[in-house]
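What follows is each chain in one-letter form.
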Amino acid sequence: MSQTVASLLFLLLSVNSAPALRICSFNVRSFGETKKENQGAMEVIVKVIKRCDIILLMEIKDSGNRICPLLMERLNGNSRRGITYNYVISSRLGRNTYKEQYAFLYKEKLVSVKESYLYHDYQNGDADVFSREPFVIWFQSPYTAVKDFVIIPLHTTPEASIREIDELADVYTYVKRRWKAENFIFMGDFNAGCSYVPKKAWKSIRLRADSRFVWLIGDQEDTTVKESTSCAYDRIVLRGQEIISSVVPDSNCVFDFQKAYKLTEKEALSVSDHFPVEFKLRSSRALTNSKKSVAPKKKNRP
């Protein structure tokens, strides 16, 4: 079978049987040369990525631009049914000499990138609020109930997390006006828990105070790998009635890769000190929207 015929067959099958779209966020903790050479850690990272149709990777420290090409080799080397990943990656972001990158890896048969934009703090007159400015991506898909959505990622500096999370409200306003988009996903390592964001601070954070922003990962969740910690650092937040009503009920959760892949705590920590967070969007075949709550779920399960 030719590659063209195989691709057309895949597209026809996708229209009739497209599953829900799994969207994930994962801080891979200091993802650079050392981790790249750790075969055990890389195997787990690839397994985690393969579960997702779109995944945000954070804390990429890759001055030589080798991490994502290597992941593409691992993900696409033995691809079946023409399902391959592509990626978009930000420039190296950060103050002074410490730099990180955001990367989005996605199944290019299911979604495509419509626009990308690196937000600049000065848009609203504020001076350097973000340690790592959001690398904003507008995705579109013919297979989901909601046809296009903007993802705004954020990895905060812990000590500045309250201000940075609050500033996402301004990012939303600016990007909505710039692109005239309606459906938004905010996700990443917000450091939104424990001592970094105490309970009394939430009322001053516009992303929480405004009920039109829906938080899928609740304050009681634990997104940390260490048994000695329990903090809801990693979050997913939605804005836009269409995308909110398109969430698959009970799909929003923390993915415990340590339990899923039967790892020791030491083995898990060699991958990251964070667990991924995720949710699913309904496929276009889901003709009715359930009114069931999208209440936060407990740490999950493969």
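Residues numbered from 1 in each chain as written. Predicted model: local features only at pLDDT ≥ 70, side-chain atom pairs only at ≥ 80, totals over all residues. Heavy atoms only, no water.

Draft legend 1. Highlighting the sheet that holds strand β5 (residues 112-118). Overall, mixed pairing links the 6 strands, which are arranged β5-β6-β7-β8-β10-β9 in an open sheet. Two strands bound the open sheet, and with one partner strand each, they are β5 and β9 (213-215). Geometrically, the sheet is characterised by an average inter-axis angle of 20 degrees between neighbouring strands, direction not taken into account. (Pairing = 2+ DSSP bridges. Helix = DSSP H or I, 4+ residues; strand = E, 2+ residues; numbered from the N terminus. Axes fitted to C-alpha atoms, helices over the stretch in contact; angles between N-to-C directions.)

Draft legend 2. Broad picture of the packing of aromatic side chains. The final tally for this structure, using the stated rule, is 18 aromatic pairs. Their ring planes at 35 degrees and their centres at 5.8 Å tell us that Tyr196 and Tyr233 sit as a pair that is tilted. In this pair, Tyr196 is assigned in the loop between β8 (184-189) and α6 (206-209) and Tyr233 in the loop between β9 and β10 (234-239), connecting sequence segments 37 residues apart. You can call Tyr196 partly exposed: its relative accessible area is 28%. Relative to Trp215, the ring of Trp202 has its centre 5.3 Å away and its plane inclined at 85 degrees; by these criteria the two rings are edge-to-face. Note that Trp202 is positioned in the loop between β8 and α6 and Trp215 in strand β9, a separation of 13 residues in sequence. Considered together, Trp202 and Trp215 belong to a single accessibility category, that of buried residues. Feature note: the residues Phe104, Tyr106, Phe139 and Phe149 constitute an aromatic cluster, connected by ring pairs. (Phe/Tyr/Trp six-rings, centres within 6.5 Å; stacked < 30°, edge-to-face > 60°. Buried < 20%, exposed > 50% of the residue type's maximum accessible area, 1.4 Å probe, protein only.)

Draft legend 3. Quick peek at the pattern of salt bridges. In the structure shown here, the tally under the stated rule is 16 salt bridges. Between Lys107 and Asp53 there is a salt bridge whose closest N-O contact spans 3.1 Å. In this pair, Lys107 is assigned in strand β4 (residues 101-107) and Asp53 in the loop between α3 (39-50) and β2 (54-60), connecting sequence segments 54 residues apart. The pair Lys107 / Asp53 is uniform in exposure class, with both members buried. For Asp219, the salt bridge identified is with Arg235, shortest N-O distance 2.9 Å. (Salt bridge = Lys/Arg side-chain N within 4 Å of Asp/Glu carboxyl O.)

Draft legend 4. A look at the environment of Ile152. With respect to the helices, strands and loops of the structure, Ile152 is situated in strand β7 (residues 148-153). For the pair formed by Ile152 and Leu56, sequence separation is 96 residues and the distance between their alpha carbons is 9.9 Å. If sequence neighbours within four positions are ignored, Ile152 has contacts with Pro134, Val136, Leu168, Val171, Tyr172, Phe184, Ile185, Phe186 and Met187. (Contact = heavy atoms within 4.5 Å.)

Draft legend 5. Broad picture of the state of the cysteines. Tallying each qualifying case throughout the model produces 2 disulfides. What pairs with Cys194 in a disulfide is Cys231, and their sulfur atoms sit 1.9 Å apart. Note on the Cys194 and Cys231 pair: the S-S dihedral is about -100 degrees, so by sign convention the disulfide is left-handed. Taken together, the positions of Cys194 in the loop between β8 and α6 and Cys231 in the loop between β9 and β10 put the pair 37 residues apart, joining distant regions of the chain. Residue classification places Cys194 among the partly exposed residues on the basis of a relative accessible area of 39%. For the protein chain, the bonded cysteines pair up as 1-2, 3-4 when numbered in the order they occur along the sequence. Among the cysteines around Cys253, which has no disulfide bond, Cys24 carries the closest sulfur, lying 8.5 Å off. (Disulfide = S-S within 2.5 Å.)

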